[in-house]
Each structure stands twice: as C-alpha cells, then as structure tokens.
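Architecture at a glance
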Amino acid sequence: MMMLRQTSRKAYLGLRASPLGLGRRLYHENVIDHFENPRNVGSFNRNDPNVGTGLVGAPSCGDLMSLQIKVDDSGQIIDTRFKTFGCGSAIASSSVASEWIKGKTLEEVLTIKNAEIAKHLSLPPVKLHCSMLAEDAIKSAVRDYKEKQAKANAAGETV
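In this text, all values refer to a predicted model and were calculated from it rather than measured experimentally.

Once that is clear, we can look at the overall build of the protein. The number of helices and strands found in the protein is six helices and three strands. Buried positions account for 42% of the 159 residues belonging to the protein. Put simply, of all contacts in the protein between residues at least 6 apart along the chain, 60% involve residues at least 24 apart. When the accessible surface of the protein is summed, it comes to about 8,800 Å², and 54% of that surface belongs to carbon and sulfur atoms.

Shown next as structure tokens:
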C-alpha cells in the first residue's frame, strides 16, 4: 500500500515518465520536499479574533488555497496554517509561504512577492499562478485579520 502511495505521489508530481517514455517532467527538489513534507498543514478556528483567513482560488486550474495567520497583540504572526487543494506546485507554494510568514509582522509579510516564492521553488512558467495564489492568500489573510480588529475596535471590545 505504501509503495502505491509513493508511486501515485511521484506520478502526481510528474516525476515518472509516461508509459511511452514521452514528456518526462522534472520538478526542483524544493517543490518535491514541500509537497512530500508540507509544513504547517491544518487550520485554526476562523472565529478567533486573532486569526486572519485568506481563501483564494484559480478557476482555470481548480486550485484552492486557504492560509490562516495567528497574530499576537504586537502585530507579529506567531503561527500559521494552510490547506491547499491542487497540484504539487500549489501545495509547495503554500508550504513555503507558511514558513516565510511565521515570526514576521503584518507589514513585513505584505512585502513577500510571488516571484520570490517562484524563484525559491524554481517553478516553470506554466506553474507561476501557484506562487501568485500564495501571495494573494497572504494578502487576504492580513486583510481579514485587520477587518476583524477594526470591527472589534468599533464595537468597543478589547481583543
């Protein structure tokens, strides 16, 4: 059973040649590492006022990415989680983004660009939309967190 899973994973990533020996596709080791060993997978309670949730998708390929940040009182991201339904490059992009944003301030994470993620993973041009989703998810999570904080402050609550 384990061998079947590993074979399926490799086929999913395009690491095995087709039965005809055509179209062998190779991914950079960083993509393979983050796909096979994704970091920070999971979710937080989206109703927690200290959690921002970014949900983005790419209708053209069907990738869906949810990225959550947990922020402390000083505005620093103390933890992060993601769930991604998509190709290996999308999962790897989410995993890298989740690692890079942990420990940074809200302002710092907004400077992370998709080109940096794509370069780190050596994504081919056809997969650049995966790194764009990761950047959009970061921005969306920060926006959600700030909206929650603004509502809480307007209501006179202390969070």
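Having seen the structure, we can now continue with the description.
Further remarks concern the nonpolar core. Residues Ile69 and Ile101 are the most contacted members of the largest nonpolar core, which totals 28 residues. If you list the elements that add at least two residues to this core, you get strand E1 (51–58), strand E2 (63–71), strand E3 (77–85), helix H3 (88–101), helix H4 (106–109), helix H5 (114–121) and helix H6 (128–154). Broken down by element, the residue count for this core peaks at seven residues, all from H6. Beyond its immediate chain neighbours, meaning those up to four positions away, Ile69 contacts Phe44, Asn50, Val51, Gly52, Ile77, Asp79, Thr80, Ile101, Leu106, Ala141, Val142 and Tyr145.

About the cut-offs
Here the residue index of a chain counts from 1 through its sequence in written order. The model is predicted, so local features are restricted to residues of pLDDT at least 70 and side-chain atom pairs to those at 80 or more, both for listing and for counting; the totals for chains, interfaces and linings are taken over all residues. Water and hydrogen atoms play no part in the side-chain values, which are based on all heavy atoms of the structure. The helix and strand labels rest on DSSP assignments: H or I over at least four residues marks a helix, E over at least two residues marks a strand, and numbering proceeds from the N terminus. Think of it in three bands: with a 1.4 Å probe and only protein chains considered, a residue is buried below 20% of the maximum accessible area for its type, exposed above 50%, and partly exposed in between. It only takes one pair of heavy atoms within 4.5 Å for two residues to be counted as in contact. Accessible surface is estimated by sampling points in the Shrake-Rupley manner with a 1.4 Å probe; for residues, cover comes only from the protein chains shown. Residues belong to a common nonpolar core when they are buried Ala, Val, Leu, Ile, Met, Phe, Trp, Tyr or Cys residues joined through side-chain atoms within 4.5 Å.

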